[in-house]
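Structure assessment
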Amino acid sequence: MKPVNAVITKVVDETPTIRTFFFDTSFELIPGQFVMVWIRGVDEIPMALPYENAITVQKVGPATSALFELGECDSIGIRGPFGNGFDITKGRILLVAGGVGAAPLAPLAEKAGSAGVEVTTLLGARTNDEILFRERFEAAGDVRIATDDGSEGKHGYVTQLIEDSKKYSQIYCCGPENMMKKVLDMVAPSKAQFSLHRYIKCGIGICGACCVDGLRVCKDGPVFSGEVLKKTEFGVYRRNECGERVRF
Amino acid sequence: MMLAATVTGLKLKNPMMLAAGIMGTTGGSLKRAAQAGAGAVVTKSIGIAPKAGHSNPSMVDVDCGYLNAMGLPNPSYKNFQEEIDKAKESEVPVIASIFGGSADEFSEIAGALCADAFELNVSCPHARGYGAEIGTDPKLVEEITHAVKSAVNAPVWVKLTPNVTDIKSIGLAAQRGGADAVVAINTVRGMAIDIESGYPILGNKFGGISGRAIKPVAIKCVYDLYEALDIPVIGVGGISDWKDAVEFIMAGARAVQIGSAVGENIDIFSDISSCMDAFLTEKEWTLDDIYGMAHEV
Ligand SMILES: Cc1cc2nc3c(=O)[nH]c(=O)nc-3n(C[C@H](O)[C@H](O)[C@H](O)COP(=O)(O)OP(=O)(O)OC[C@H]3O[C@@H](n4cnc5c(N)ncnc54)[C@H](O)[C@@H]3O)c2cc1C
Ligand SMILES: Cc1cc2nc3c(=O)[nH]c(=O)nc-3n(C[C@H](O)[C@H](O)[C@H](O)COP(=O)(O)O)c2cc1C
């Protein structure tokens, strides 16, 4: 598919560095799938879909800054949704979110919560005003918070909130790779799913830029079971846009 | 065994290879293509220095095929031997695709890498100063081929661009330079524009078409090269099932490469192999029987 034109209808400030852009186009999505967002004349970048008609963006560099310049009535191009998304299970689930990693997990919490699944969410952020989608997770179940600076909840990393992981039938995780690697080392790998970030170019499983030991993050992922990731370079190195290895 | 083929001395369990630039930047992804049944794998084109490539969008689906302008992103040959070595664990031949701006650059890269064969990319349609700007000039193609042949012992293949008036003259130049085979074709120059805004979709504005749309172009190139050259032709461009692969072999391809179609189905290599095998058995033909068949009827 060519990029679909999406007109921005509303911009919501979520935190000092994160904004949600709602648009006039809806996508049928499995939580965890992503779209390629084309900021015309600038770049095209991968973004999770936290709603069926919105992206939630943290400002980190040129493309996301260009997005922050856009407002109502401006438009972007969208290809997707791409990728597999989370495999939703029954029972009692634990969500572990670091920073903007809460974006793909919020619709999962809602979907699972409304299906009667017991949802517990561990939300990590640098500081209390950077906590993303707290209300959405609270509406779906229990929430525990950790902040790097101790401004709210546990003073430390979100991984320090994990206890008794065996009581959950499935664990879902998205955040910085170092944090996800810690989670992988703490839980039963076969019962955990991780949504990965890699440099994505084509988005359709052809160019290979995003491969993690032969697994295409854009096509076979972005969600992988811990069992699969255990055997790979996950948590050890990623690749930059040239394909050079960059150690974590 | 029916599909076993020897191409420029390389023994392939089947003649279906992974094309250059498709899942070819990492040893792990090359290995996965081999495990999915590819008879050989070709790496991403590797250059002198690390290169980030063009800005995104770098690839887009255009209904009849795909349009891409990756811009030859690669980690440079200095960081690439370990990827080739990892790919070698799969025990199929690994062909290093390389590109450069001059004969010296090509031979520096080839001389530093250890691979089962080299494929010279003189045909990328959208990298300034590289690729097709070289591949449309017979003298340069001959010179570069000759330089690489002198620098390595492994077979040297030359990948041709269809974006020329007469592809045979470029194929002949490669042959004069000592090439062991030619590979045809690289992508066909193309462009797509977003009608909501007037922006060309690709970050590089234009790029190369691959996939279904270019198959008839590629078949004709292979057919012509087969007639003009003494060295083998390897066919690539738009293969998405076993019938396409058979068509290429009948046009005169000793082996084929598969690119874009890997996106939707990475098992395409083994799928094509088993269907081609069944087809040959039913027709009571061998691979040799259908090789160049279209020229004999
Ligand atoms: C599947 C997936 C889902 C994502 N979902 C979200 C989300 O919901 N919200 C959000 O804020 N961010 C998300 N990201 C991250 C987001 O794509 C990057 O923050 C963005 O590309 C940065 O671009 P930039 O030009 O602003 O920054 P840069 O300064 O160019 O880059 C900052 C970081 O982003 C990475 N990056 C740049 N371009 C790409 C690219 N094409 N593909 C992948 N990474 C890139 C860089 O490697 C670097 O680590 C997601 C990434 C992936 C892979
Ligand atoms: C994303 C992409 C990247 C490519 N990169 C290279 C490359 O680095 N070197 C090269 O010689 N050809 C490259 N090609 C061209 C392919 O090897 C092949 O010649 C072309 O795509 C036609 O085959 P197909 O229709 O099966 O894809 C690339 C093609 C695509 C789609």
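Residues numbered from 1 in each chain as written. Chains lettered and ligands numbered in written order. Predicted model: local features only at pLDDT ≥ 70, side-chain atom pairs only at ≥ 80, totals over all residues. Heavy atoms only, no water.

Our next topic: the overall build of chain A. Across its full length, chain A carries five helices and 17 strands. Taken against the 2.2 N^0.38 rule, which gives 18 Å for 248 residues, the C-alpha radius of gyration of chain A at 17 Å falls within 12% of a compact globule. Across the 248 residues that make up chain A, the buried fraction comes to 57%. Taking all contacts inside chain A whose residues are at least 6 apart in sequence as the whole, residues at least 24 apart take part in 58%. (Helix = DSSP H or I, 4+ residues; strand = E, 2+ residues; numbered from the N terminus. Rg over C-alpha atoms; globule rule 2.2 N^0.38 Å. Buried < 20%, exposed > 50% of the residue type's maximum accessible area, 1.4 Å probe, protein only. Contact = heavy atoms within 4.5 Å.)

Further remarks concern the pairing of strand S11 (residues 188-191) of chain B. Residue and element names in this part refer to chain B. Residues Val188 and Gly190 line the buried face of S11, whereas the alternating positions Arg189 and Met191 sit on a face that is not buried. As defined by bridge partners, S11 adjoins strand S12 (residues 206-210) across four bridges and the pair is classed as antiparallel. Following the sheet pairing, valine 188 is matched in S12 by isoleucine 209. (Pairing = 2+ DSSP bridges.)

To continue, consider the nonpolar core. Counting residues in hydrophobic clusters, the biggest one holds 134 residues, and the most contacted among them are Val96(A), Phe118(B), Trp157(B), Phe269(B) and Met276(B). Ranked by residues supplied to this core, first place goes to helix H9 (residues 268-283) of chain B with six residues. When residues of this core are assigned to domains, at least three fall in each of domain 1 (4-82) and domain 2 (92-247) of chain A. For Met276(B), the contacting residues outside a window of four places in its chain are Leu3(B), Met16(B), Trp242(B), Ala245(B), Val246(B), Ile249(B) and Leu287(B). Counting 25 residues, the second largest nonpolar core, distinct from the first, contains Phe86(A), Leu95(A), Val117(A) and Val119(A). (Core = buried A, V, L, I, M, F, W, Y, C linked by side-chain atoms within 4.5 Å. Domains from an automatic or database assignment.)

Inspection of the entire model under this criterion finds 11 aromatic pairs over all chains. On the basis of an interplanar angle of 80 degrees and a centroid distance of 6.4 Å, the ring pair of Trp38(A) and Tyr199(B) is categorised as edge-to-face. Of the two residues, Trp38(A) is situated in strand S3 (residues 34-39) and Tyr199(B) in the loop between S11 and S12; the pairing between them involves two chains. Aromatic pair Phe279(B) and Trp285(B): ring centres 6.0 Å apart, planes at 75 degrees, arrangement edge-to-face. In textbook terms, an aromatic cluster arises when at least three aromatic residues are bridged by ring pairs, as seen for Phe22(A), Tyr51(A) and Phe133(A). The aromatic ring of Tyr51(A) is capped on one face by Arg136(A), whose charged end is 3.8 Å from the ring centroid. One Lys or Arg, Lys182(A), reaches over the ring of Tyr157(A) and ends 4.8 Å from the middle of that ring. (Phe/Tyr/Trp six-rings, centres within 6.5 Å; stacked < 30°, edge-to-face > 60°. Lys NZ or Arg CZ within 6 Å of the ring centre and 35° of its normal.)

Now for the site of ligand 1. In the neighbourhood of ligand 1, 22 residues make up the surrounding shell, with Pro46(A), Thr56(A), Gln58(A), Ala63(A) and Thr64(A) lying closest. Near ligand 1, the surrounding residues are drawn from chains A and B. Gln58(A) is positioned such that a nitrogen or oxygen atom in its backbone is 2.7 Å from an oxygen atom of ligand 1. Within the contact set of ligand 1, a nitrogen atom lies 2.9 Å away from a backbone nitrogen or oxygen of Ile200(A). (Near = heavy atom within 4 Å. Polar contact = N/O pair within 3.5 Å; in protein donor to acceptor, adjacent residues only side chain to side chain.)

All names here are of chain A. Structurally, the position occupied by glutamine 170 is in strand S11 (residues 170-174). Look at glutamine 170 and you get buried, because its relative accessible area is 9%. Within the structure, the side chain of glutamine 170 is placed 3.1 Å from the side chain of glutamine 193, a separation counted as a polar contact. Aside from chain neighbours lying at most four places away, what touches glutamine 170 is Thr89, Arg92, Ile93, Leu94, Ser190, Lys191, Ala192 and Gln193.

To continue, consider the site of ligand 2. Residues and elements named next belong to chain B. In the vicinity of ligand 2, 23 residues are found, and the nearest of them are Ser45, Lys159, Gly211, Gly238 and Ser260. A distance of 2.7 Å separates a nitrogen atom of ligand 2 from a polar side-chain atom of serine 45. Within the contact set of ligand 2, an oxygen atom lies 2.6 Å away from a backbone nitrogen or oxygen of glycine 238. With the chains in place, 98% of the 600 Å² that ligand 2 exposes on its own is no longer accessible. (Areas by Shrake-Rupley, 256 points an atom, 1.4 Å probe, with all protein chains shown as cover.)

What follows deals with the sheet that holds strand S10 (residues 154-155) of chain A. All names here are of chain A. Here seven strands make up an open sheet; going across it, the order is S10-S9-S8-S7-S11-S12-S15 and the pairing mixed. Among the strands making up the open sheet, the edge pair consists of S10 and strand S15 (223-225). Here S11 pairs with strand S12 (residues 192-195) via three bridges, running parallel. Across the sheet, isoleucine 171 pairs through a bridge with alanine 192, a residue of S12. Strands strand S7 (92-98), strand S8 (118-125) and S11 of the sheet are contacted by helix H2 (residues 102-114), whose axis makes an angle of about 160 degrees with S7. (Axes fitted to C-alpha atoms, helices over the stretch in contact; angles between N-to-C directions.)

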